[in-house]
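# Summary of structural features
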Amino acid sequence: MSTPKLRSRTLLNHKSEVYKAYLFDMDGTLVNSEPLKGKALALACTFYGEQPDYHIYQDVMGQDWPTVTQHFFKASKINPNSDEFNLHFKNHYQALLKEQLKLTKNVKPYLNHLKLKGYQIGLVSSAAGWMLEQILRQLALEEYFDIFISQEDVDKHKPNPEAYLLALEKLGLTPDKVMVFEDSYAGISAATKAGCDVIAINHEFNRYNDLSGAKASISDFSELLGDANN
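Below, the structure is looked at part by part. (Residues numbered from 1 in each chain as written. Predicted model: local features only at pLDDT ≥ 70, side-chain atom pairs only at ≥ 80, totals over all residues. Heavy atoms only, no water.)

### Section: helix α6 (residues 129-138)
Considered for burial, the residues of α6 that qualify are Gly129, Met131, Leu132, Gln134, Ile135 and Leu136. In this fold, the buried residues of α6 make contact with α2 (33-45), α4 (82-100), β2 (120-124) and β3 (147-149). Just past α6, the residue Ala140 takes up positive phi, approximately 55°. (Buried < 20%, exposed > 50% of the residue type's maximum accessible area, 1.4 Å probe, protein only. Helix = DSSP H or I, 4+ residues; strand = E, 2+ residues; numbered from the N terminus. Contact = heavy atoms within 4.5 Å.)

Structure follows, in structure tokens:
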């Protein structure tokens with residue numbers, strides 16, 4: 001289902017005085033790591049003699065790690081030790097991040113804009129803490145965020161709203177004061193269940209995801225900077 005494209009003086013523009021904080025998912029929202037994660041999962045399977053098409057990650061992106069890995073195990077017809085598999089994945093993923101990681105278009109100027117305006121900014125991800133640390137450090141993003149929530153901080157992961165409810169608690173804000181940016185059905189579901197407005201981030205790897213729960217969608221953060229400068 002389609003999501004309306006963001007136009008000037010729409011959701012973010014006419015509610016700019018309402019929002020007090022902005023929360024960002026990481027993979028696919030801040031950075032191009034979704035396909036890299038899929039590739040690393042597929043490469044980890046090669047240790048067991050199989051290599052599924054990494055695009056099958058599109059079916060489970062944004063969901064909890066056991067769901068993601070079991071999806072690859074089933075497709076590859078393997079039953080590896082989870083700790084061993086995760087180590088193979090980590091080695092491949094870290095290498096791919098070092099070689100191919102990139103920011104989403106114009107996200108850094110947008111983060112600078114939010115900082116200058118004095119808004120609170122949070123990172124809410126289902127990814128493991130080590131993934132957040134490597135990505136944020138590699139791209140020099142740590143300074144932008146007031147709160148960080150990763151896989152280890154919650155018991156229930158997206159599409160469960162626990163991570164966003166925890167973020168609201170940490171910020172001391174009600175959901176109507178918070179805008180969320182997400183790129184997956186699971187992430188959008190989690191944020192909307194928590195009561196927040198969501199803007200979806202479109203990219204090539206999530207084109208088959210149902211993003212219709214978002215209020216609007218963008219593919220480049222300059223679309224928001226254009227609204228902010230009107």
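### Focus: empty space enclosed by the protein
One pass over the full model with this rule turns up 1 cavity of 30 Å³ or more. Quantified by volume, the largest cavity comes out at close to 150 Å³. Among the elements of the structure, α2 and α3 (65-76) are those that each provide at least two residues to the lining of the largest cavity. Partitioning the lining of the largest cavity into residue classes produces 6 nonpolar, 6 polar and 6 charged. (1 Å grid on protein atoms, 1.4 Å probe; cavity = no way out; pocket = protein on both sides within 12 Å on 5 of 7 lines; lining within 4 Å. Points joined across faces, edges and corners; volume = space filled by probe spheres on them. Nonpolar A, V, L, I, M, F, W, Y, C, P; charged D, E, K, R; others polar.)

### Let's talk about the sheet that holds strand β4 (residues 178-182)
Strand order across the open sheet formed by 6 strands is β3-β2-β1-β4-β5-β6, with parallel pairing between neighbours. Every interior strand has two partners, whereas the edge strands, β3 and β6 (216-218), have only one. Each strand axis lies, on average, 20° off the axis of its neighbour in the sheet, ignoring direction. Across 4 bridges, the pairing between β4 and strand β5 (residues 197-201) is parallel. Each residue of the ladder has a partner; that of Met179, found in β5, is Asp197. Packed onto the sheet, helix α7 (residues 162-171) meets β1 (21-24), β2, β3 and β4 and runs at close to 160° relative to β3. Packed onto the sheet, helix α8 (residues 185-193) meets β4 and β5 and runs at close to 170° relative to β5. (Pairing = 2+ DSSP bridges. Axes fitted to C-alpha atoms, helices over the stretch in contact; angles between N-to-C directions.)

### Notes on the pattern of salt bridges
Counted under the stated rule, the structure contains 5 salt bridges. With its nearest N and O atoms 3.1 Å apart, the salt bridge here joins Asp25 to Lys158. In this pair, Asp25 is assigned in the loop between β1 and α2 and Lys158 in the loop between β3 and α7, connecting sequence segments 133 residues apart. Among the residues examined, Asp25 registers a relative accessible area of 6% and is labelled buried. For the salt bridge of Lys115 with Asp146, the shortest nitrogen-to-oxygen distance reads 3.5 Å. Of this pair, Lys115 sits in helix α5 (residues 107-117) while Asp146 is found in the loop between α6 and β3, placing the two residues 31 residues apart along the sequence. Classification of Lys115 as partly exposed rests on a relative accessible area of 31%. Counted as one network, the salt bridges with shared partners bring together Asp25, Lys158 and Glu182. (Salt bridge = Lys/Arg side-chain N within 4 Å of Asp/Glu carboxyl O.)

### Things to note about the nonpolar core
Counting residues in hydrophobic clusters, the biggest one holds 53 residues, and the most contacted among them are Tyr22, Phe24, Tyr110, Leu111, Phe145, Phe181 and Phe221. Considering each element in turn, this core owes the most residues, 6 residues, to α2. The contact partners of Phe145, leaving out residues within four places of it in the chain, are Phe24, Leu30, Leu111, Ile121, Gly122, Leu123 and Leu136. Listed in part, the 23 residues of the second largest apolar core include Val154, Ala167, Ala190 and Ala194. (Core = buried A, V, L, I, M, F, W, Y, C linked by side-chain atoms within 4.5 Å.)

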